Amino acid sequence: YKATLYGWLPSMTTSVDTRFGTIESSSSGSDVLEDLDFVFMGTLAAQNGRWGIASDLLYVSLSDTKDTPLALFGEGTVAVKATAFSTYALYRLTTDPSLNFDIGAGFRAFDLEVDVTLSPGAAAGAAQSIGDTWIDRLIAARVSVPIYQRCFLTGFAAVGGTGGGDQTWQVYGSVGYAFSESWSAQAGYRYMDISKEIDGRDVSVDLGGPIIGMTYRF
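Below, the structure is looked at part by part. (Residues numbered from 1 in each chain as written. Predicted model: local features only at pLDDT ≥ 70, side-chain atom pairs only at ≥ 80, totals over all residues. Heavy atoms only, no water.)

**With respect to the overall build of the protein**
Reasoning step 1: Within the protein one finds one helix and twelve strands.
Reasoning step 2: Scanning the protein from its N terminus toward the C terminus, one meets helices and strands in the order β-β-β-α-β-β-β-β-β-β-β-β-β.
Reasoning step 3: Taking the principal axes of its C-alpha atoms as reference, the protein extends roughly 65 × 35 × 20 Å.
Reasoning step 4: Relative to its 218 residues, the protein shows a buried fraction of 39%. (Helix = DSSP H or I, 4+ residues; strand = E, 2+ residues; numbered from the N terminus. Buried < 20%, exposed > 50% of the residue type's maximum accessible area, 1.4 Å probe, protein only.)

Right, here's the structure in full:
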């Protein structure tokens, strides 16, 4: 078994089809700490022979304010709260104990809330909330390979959805260092794309940024 807690500093790109028009927002790396309200990310994995299972929980709350292209309003603020819980069943294809390559399938359950607030311009201010809860099917691949003494590389990718406007994918890559048989640390990058049609309106949220983690094996 192994449990990992992560610190993630994602930037955010959104496109939201509201009743006022399409609102787009993008935060750069320098805006991350200002835009980030709260983030939590943790994983729990188990391995028995060639079979494994992994679960991942992510909660992120971000907001970004930009001038809106809509002539009737001033600034537009997009606030995103997303919870994603994923579980995968994995099968190890390799027999070399130092090189692990797994493939598998699973699901990701989403709870997404997007709040759009428009400041007054030629017209009075306005607001709209769009949200939904749903489950996507996924296929996934995971790899871990040693590179030098206690250092190792880890990669993970997953893609899924139900078709049409509902799709999600993510990639994660890191370099790690094992302090002992029980403890290790990783630093890398994670990117997640969420696209969903909610109440007939297209919503797209992209999250990506550096990540650090600490793992305990037991």
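**Describing the packing of aromatic side chains**
Reasoning step 1: Taken as a whole and assessed by the stated rule, the structure comprises twelve aromatic pairs.
Reasoning step 2: Plain terms: the ring middles of tyrosine 6 and tyrosine 172 are 6.0 Å apart, the flat faces sit at 80° to each other, and that makes the pair edge-to-face. In this pair, tyrosine 6 is assigned in strand 1 (residues 2-8) and tyrosine 172 in strand 10 (residues 166-178), connecting sequence segments 166 residues apart.
Reasoning step 3: The buried category is assigned to tyrosine 6, whose relative accessible area is 16%.
Reasoning step 4: An aromatic cluster is present here, built from Tyr1, Trp183, Tyr216 and Phe218 joined pairwise through their rings. (Phe/Tyr/Trp six-rings, centres within 6.5 Å; stacked < 30°, edge-to-face > 60°.)

**Thoughts on the pairing of strand 4 (residues 36-48)**
Reasoning step 1: The pairing of strand 1 with strand 4 spans five bridges and is antiparallel. Along strand 4, the bridge assignment pairs threonine 4 with threonine 43.
Reasoning step 2: Sheet topology places strand 4 next to strand 5 (residues 51-67); twelve bridges connect them, and they run antiparallel. The partner of valine 39 across the bridge, within strand 5, is valine 60.
Reasoning step 3: What sits between the antiparallel neighbours strand 4 and strand 5 is a turn of two residues, in which glycine 49 has the positive phi angle 65°. (Pairing = 2+ DSSP bridges.)

**A look at the environment of aspartate 64**
Reasoning step 1: Mapped onto the elements of the fold, aspartate 64 is located in strand 5.
Reasoning step 2: For the pair aspartate 64 and serine 26, spaced 38 residues apart in sequence, the C-alpha separation works out to 7.5 Å.
Reasoning step 3: Not counting residues within four places of it along the chain, the set of residues in contact with aspartate 64 comprises Met12, Ser25, Ser26, Ser27, Asp35, Gly76, Thr77 and Val78.
Reasoning step 4: A polar atom in the side chain of aspartate 64 sits 2.3 Å from the side chain of serine 25. (Contact = heavy atoms within 4.5 Å. Polar contact = N/O pair within 3.5 Å; in protein donor to acceptor, adjacent residues only side chain to side chain.)

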